[in-house]
Amino acid sequence: MLIKIARPSDCKASDITPEGIYLSRRTMLGASLAGAAVAALPGVALGAEPSRYADVEPGAAPGWFKDKLGATRWGAVTVENEAITPFKDATHYNNFYEFGTDKGDPAANAGSLKTEPWSLVVDGEVAKPGRYALEDFVKPYQLEERIYRLRCVEAWSMVIPWLGFSLAQVLKQVEPTSKARYLRFETLQDPKVMPGQRSSFALIDWPYVEGLRLDEAMNPLAILAVGMYGRELPNQNGAPLRLIVPWKYGFKSIKSIVRISLVAEQPQTTWERLAPTEYGFYANVNPTVDHPRWTQARERRLPSGLFSPNVRDTLMFNGYGDEVASLYSDLDLRKNY
Ligand SMILES: Nc1nc2c(c(=O)[nH]1)N[C@H]1C(S)=C(S)[C@@H](COP(=O)(O)O)O[C@H]1N2
Ligand SMILES: [Mo]
């Protein structure tokens, strides 16, 4: 929908050009009214059982996922007094550039991604490298429901109930060597099913790459997710396995992971490579450090529309400062944005 929405705040869609300005001028008009017609879920209790997510479309969960679901710890982490974003918004307003740069493109195009079978490589500076079938990789871990805020660098946000397990548990299993200081993550590269990877104006050097410092990855809030809203991940949300780092801008939360490497040097990440003055390696949510082209002091919480823009103040570390601020006590967060 090519509609420019006038907003009372400085979170105007016309001010905020998505990450993809480098890819396509079209995305300047990319903010849509997608969420406007969808009412917030009435009375959803936080930490609710999956049956409470009333508008969730059932998926076709693989057997290993159904087996895991029974032992899930529901509501292990919740967000107080903030409504969970309706499933419809969380699955139809996405960034997944492999499937196109418009917010509706991933929902429209990601259906063709084949997530079963899926294999994942863990390599680099680890005592136990390996290639795993996804179900074997996930087997040792109990799923937990983590209800987290997701804050995109484009100044919109959601509250999403993920299902996953802590990255720290995985690291313990694979045993990083003394040389390991960073993690490097890679998304699937398959131009046959990912139209964004064959687009003639794609400036992104595929595959999509993200990274974390080892101590960030060990923080209990960092998870690998295999589901959301009590079901498996929809393809547009990064099936079958994605990273979630809730105190960082959404672009750190890399989707559809095929490789995790432990490395000695800070990896170069996709957005940093494309626009280093706009997107840094750290990308911690920080209302006091503006993006060069817009303020980061506020955000549009979805569902958001013309008559209820639903703007709120952005919180330092996206509200997770108690858990993560100590990771950055030595760091100038203005320089290391
Ligand atoms: N592989 C890959 N991962 C990605 C992206 C992407 O384009 N490709 N977009 C990122 C951005 S900018 C955001 S805000 C989140 C969006 O996640 P969601 O669509 O599940 O809300 O995914 C992140 N992970
Ligand atoms: Mo984002």
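Given the structure is predicted, the values throughout are model-derived calculations rather than measurements.

### Examining the site of ligand 1
So, point 1. Residues in contact with ligand 1 amount to 18 residues; listed here are only the nearest, Asn94, Tyr97, Glu98, Arg242 and Lys255.
So, point 2. Between ligand 1 and Thr187, the relevant distance is 2.9 Å, taken from a nitrogen atom to a side-chain nitrogen or oxygen of the residue.
So, point 3. At a separation of 2.7 Å, an oxygen atom of ligand 1 approaches a polar side-chain atom of Arg242.
So, point 4. Grouping the constituent residues of the shell around ligand 1 by class yields 8 nonpolar, 6 polar and 4 charged.

### Some words on the sheet that holds strand E11 (residues 257–263)
So, point 1. Strand order in this open sheet of 5 strands is E3-E2-E11-E6-E7, and the pairing throughout is mixed. Edge positions in the sheet fall to strand E3 (130–133) and strand E7 (209–213), since each of these pairs with one other strand and no more. Here the strands of the sheet are splayed against their neighbours by 15° on average, with no regard to which way each runs.
So, point 2. Two strands pair when backbone bridges link them, and strand E2 (residues 119–124) and E11 are joined in this way by 4 bridges, in the parallel orientation. In the sheet register, Asp123 faces E11, and the bridge partner there is Ser261.
So, point 3. Against the sheet, helix H5 (residues 167–174) contacts E2, E3, strand E6 (182–187), E7 and E11, and its axis sits at roughly 105° relative to E6.

### Topic: the pattern of salt bridges
So, point 1. In total, this model carries 21 salt bridges according to the counting rule given.
So, point 2. Glu82 serves as the salt-bridge partner of Arg312, at 3.6 Å between the closest nitrogen and oxygen. With Arg312 in strand E13 (residues 311–313) and Glu82 in the loop between strand E1 (73–77) and helix H2 (87–92), the pair connects residues that are 230 residues apart, well separated along the chain.
So, point 3. The exposure class assigned to Glu82 is buried, which follows from its relative accessible area of 10%.
So, point 4. The shortest N-O distance in the salt bridge between Asp332 and Lys335 comes to 3.7 Å.
So, point 5. Each of Glu82, Arg149, Arg151, Glu299, Arg301 and Arg312 takes part in a single network of salt bridges with overlapping partners.

### So, the UniProt feature "binding site: Mo-molybdopterin" (unreviewed entry) in the protein
So, point 1. With numbering matched to this structure, UniProt assigns "binding site: Mo-molybdopterin" (unreviewed entry) to Asn94, Tyr97, Glu98, Cys152, Thr187, Asn237, Arg242, Ser253, Ile254 and Lys255.
So, point 2. Checked against the element boundaries, Thr187 lands in strand E6.
So, point 3. Along the polypeptide, Asn237 turns up in the loop between strand E9 (231–232) and strand E10 (242–244).
So, point 4. When sequence neighbours within four positions are dropped, the list of residues in contact with Asn237 reads Ala90, Thr91, Asn94, Met228, Arg242 and Lys255.

### Some thoughts on the nonpolar core
So, point 1. Within the largest apolar cluster, 92 residues are counted, with the highest numbers of intra-cluster contacts made by Phe165, Leu167, Leu224 and Trp247.
So, point 2. Sorting elements by how many residues they give to this core places strand E5 (residues 156–166) first, with 7 residues.
So, point 3. Excluding anything up to four places from it in sequence, Leu167 contacts Leu183, Phe185, Leu212, Ala217, Ala222, Ile223, Leu224 and Leu243.

### Observations regarding the environment of Val226
So, point 1. Secondary-structure assignment places Val226 in strand E8 (residues 223–228).
So, point 2. Setting aside its immediate chain neighbours within four residues, Val226 contacts Trp64, Phe65, Val138, Leu143, Leu163, Gly164, Phe165, Glu232, Leu233, Pro240 and Leu241.

### Let's talk about the pairing of strand E4 (residues 144–151)
So, point 1. Judged by how many residues are buried, E4 sits mostly within the fold: 8 of 8 residues are covered.
So, point 2. Judged by which residues are buried, E4 turns out to be covered on both faces: Glu144, Arg146, Tyr148 and Leu150 on one side and Glu145, Ile147, Arg149 and Arg151 on the other are all buried.
So, point 3. Pairing of E1 with E4, which is carried by 2 bridges, proceeds in the parallel orientation. Residue Arg73 lies in a different strand from E4, and its bridge partner there is Glu144.
So, point 4. As defined by bridge partners, E4 adjoins E5 across 8 bridges and the pair is classed as antiparallel. Residue pairing for E5: Ile147 is matched across the bridge by Pro161.
So, point 5. Connecting E4 to the antiparallel partner E5 that follows it, the hairpin turn spans 4 residues, and Ala155 within it adopts a positive phi of roughly 75°.

Reading guide: rules and limits
Residues numbered from 1 in each chain as written. Chains lettered and ligands numbered in written order. Predicted model: local features only at pLDDT ≥ 70, side-chain atom pairs only at ≥ 80, totals over all residues. Heavy atoms only, no water. Near = heavy atom within 4 Å. Polar contact = N/O pair within 3.5 Å; in protein donor to acceptor, adjacent residues only side chain to side chain. Nonpolar A, V, L, I, M, F, W, Y, C, P; charged D, E, K, R; others polar. Pairing = 2+ DSSP bridges. Helix = DSSP H or I, 4+ residues; strand = E, 2+ residues; numbered from the N terminus. Axes fitted to C-alpha atoms, helices over the stretch in contact; angles between N-to-C directions. Contact = heavy atoms within 4.5 Å. Salt bridge = Lys/Arg side-chain N within 4 Å of Asp/Glu carboxyl O. Buried < 20%, exposed > 50% of the residue type's maximum accessible area, 1.4 Å probe, protein only. UniProt positions renumbered as here; feature names shortened; annotations may be inferred. Core = buried A, V, L, I, M, F, W, Y, C linked by side-chain atoms within 4.5 Å.

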